[in-house]
Amino acid sequence: MSAAELQLETIELVRDGRVLTARVVAPPLNFATPEFVRDLDVLTAAVDADDSVGAVVLTGGLPGRFLTHADPSALTGMIELPHPFIPARAAAPFLRLGDAAMRLPGATRLAERFGGGLGTGLVWGHRWKKTTLRMNRSGVVYLAAINGPALGGGHEIALSCDLRYAADAEHVKLGQIETLANLIPGGGGTQRLSRLLGAAKAIEVTLEGAPLSAGEAYRLGLVHRLFPENQLLAETQAIAARLATRNPVVVAEAKRAIYFGTDRSLSRGLDREQAGFISAGTTAAAARTTTAFFEDLERLGDTPFLANLKPWLDGTRVDQVSE
């Protein structure tokens, strides 16, 4: 079964060429529910196994809604359990053990069925982390077309995408609102914000908790571009179609070097980059690309990246996808 043929509870799928548009439909308010995270887990795994998909556009399928924030009812089921205060240093080894246990066959199903609110919460967190990291390692490009509020967990899902475009509209708000609810981000917000914005801005956005307008998010660097509301999806899909022509090995290795290489020393990060460079250079697509480049260089008398960029930019000059 292709990824586009999946029947999911909270995500509607439409494929056009190598672009798969995923519309989140979780009425009434498009919260990031455990069911949505389960569907996103299934979708991202299927996309990685489907050579016909080169880009995924994630957007909201309800009017004026992207992913509002994490489902408060699911959080309440875990937080309201009677228990003493648990320091973070005590919770960390428990979470590592739970994460390892969730990888066992059938463990997530049992935890959801018999674990109550705590079990649901543990599965939710496990899937969230696994799914967003899969997106960051993937040879598929993920683009968020933010057509409504993206707060808290919804913002964290947007941050997990490779590119973020937003409607320049009053109802579009972004940010981490967890401190307003006496929490901190739990779906990657602190880690992704600090990597995107640096520690100074990340701590401000996190501690203030105030939603940002689309314009403020753009000026901070959280959003790559703003589009008029009625053009957002079409513009994002057009960019996705162009990027879907890139070699998936190149996409995956570039993403892994950027997302994961900076956690290492500079020397180790450079090793990671060079390994990806070698891997990308040994694909059949790389050989075709090299041939096409030298053909253009001889014909144009200059590098085609200056003399005739457009067919290289839109992916029509050479097939980078087929092996």
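Each chain carries its own residue numbering, running from 1 in the direction its sequence is written. Local features in this predicted model are restricted to residues of pLDDT 70 or higher, and side-chain atom pairs are both shown and tallied only at a pLDDT of 80 or more, whereas totals for entire chains, interfaces and linings draw on every residue. Hydrogens and water are ignored here; the side-chain numbers use all heavy atoms of the structure.

Per an unreviewed UniProt entry, the recorded name for the protein chain is Enoyl-CoA hydratase/carnithine racemase, and the organism is Nocardia tenerifensis. What the UniProt record of the protein chain gives under Function (unreviewed entry) is the line "Could possibly oxidize fatty acids using specific components." Its UniProt record, at the heading Sequence similarities (unreviewed entry), says of the protein chain: "Belongs to the enoyl-CoA hydratase/isomerase family." UniProt positions are given in the numbering used here, feature names are shortened, and annotations may be inferred rather than shown by experiment.

What follows concerns helix α11 (residues 248–261). Taking 1.5 Å per residue as the helical rise, α11 with its 14 residues ought to reach 20 Å, and the 18 Å between its terminal C-alpha atoms agrees with that figure. Restricting attention to buried positions, one finds in α11 the residues Val251, Ala252, Glu253, Lys255, Ala257 and Gly261. The N-capping residue of α11, defined by a side-chain oxygen 2.9 Å from the backbone nitrogen of Val249, is Asn247. Starting at the N terminus, helices and strands are each numbered in turn, a helix being any DSSP run of H or I of at least four residues and a strand any DSSP run of E of at least two. For a helix, the expected span equals 1.5 Å multiplied by the residue count minus one. Throughout this description, buried means an accessible area under 20% of the type-specific maximum (1.4 Å probe, protein chains only), exposed means over 50%, and partly exposed covers the range between. Whenever two N or O atoms come within 3.5 Å, that pair is a polar contact, provided that in protein one can donate a hydrogen and the other can accept it, and provided that, for residues adjacent in sequence, both atoms are side-chain atoms.

We define a salt bridge as a contact between a side-chain nitrogen of Lys or Arg and a carboxyl oxygen of Asp or Glu at a distance within 4 Å. Overall, the coordinates contain 13 salt bridges when judged by the stated rule. Among the salt bridges present, the one from Asp41 reaches Arg134, with a minimum N-O distance of 2.8 Å. Here Asp41, found in helix α1 (residues 34–48), pairs with Arg134, found in helix α5 (residues 116–137); they are 93 residues apart in sequence, far enough to count as distant. Take Asp41 and Arg134: they sit in the same class, and that class is buried.

What follows concerns unusual backbone geometry. Of the consecutive residues Pro27 and Pro28, the connecting peptide bond is found in the cis state with omega at 5 degrees. By secondary structure assignment, the location of Pro28 is in the loop between β2 (19–24) and α1. Located in the positive-phi region is Asn30, a residue other than glycine, with phi close to 55 degrees. Position of Asn30 relative to the elements: it lies in the loop between β2 and α1. Residue Asn30 is classed as buried on the basis of its relative accessible area of 0%. The backbone of Asn182 shows a phi angle near 65 degrees, a positive value even though the residue is not glycine.

Our next topic: the domain arrangement of the protein chain. As a measure of interface size, the accessible area lost when the parts come together is often cited. Domain limits in this description derive from either an automatic procedure or a database domain assignment. We note that the domain assignment places domain 1 (3–243) and domain 2 (246–314) within the protein chain. A C-alpha centroid distance of 29 Å is found between domain 1 and domain 2. Opposite the 14 residues of domain 1 that make contact, domain 2 presents 11 residues. Summed over both partners, buried area is the accessible surface (1.4 Å probe) that two parts give up on being assembled. Between domain 1 and domain 2 the total buried area reaches about 1100 Å² when both faces are included, carbon and sulfur atoms providing 47% of it. Interface area lost by domain 1 to domain 2 is led by Asn136, Arg137 and Arg242, which between them contribute 43%. There are 1 salt bridge connecting domain 1 and domain 2. Across the pair Asp162 and Lys255 runs a salt bridge, and its minimum N-O distance is 3.0 Å. Here, residues are in contact when the closest pair of their heavy atoms is within 4.5 Å.

Right, let's get into the sheet that holds strand β7 (residues 173–175). Judged by pairing direction, the sheet is mixed, and its 3 strands sit side by side in the order β5-β7-β8 without closing on themselves. In the strand order of this sheet, the two ends are held by β5 (150–151) and β8 (212–213), each with one partner. Strand pairing is assigned whenever DSSP identifies at least 2 bridges connecting the two strands. By the bridge criterion, 2 bridges tie β5 to β7 in an arrangement that is parallel. Each residue of the ladder has a partner; that of Leu151, found in β7, is Gly175.

Between 30 and 60 degrees the pair is tilted, below 30 it is stacked and above 60 it is edge-to-face, where a pair is any two Phe, Tyr or Trp rings, Trp via its six-membered ring, whose centres lie within 6.5 Å. Evaluation of the coordinates by the stated rule reveals 5 aromatic pairs. Where Tyr259 meets Phe260, the ring centres are 6.5 Å apart and the plane angle is 70 degrees; that geometry is what we call edge-to-face. Here Tyr259 falls in the partly exposed class, since its relative accessible area comes to 23%. With a centroid separation of 5.6 Å and 35 degrees between ring planes, the pair formed by Phe293 and Phe305 is classed as tilted.

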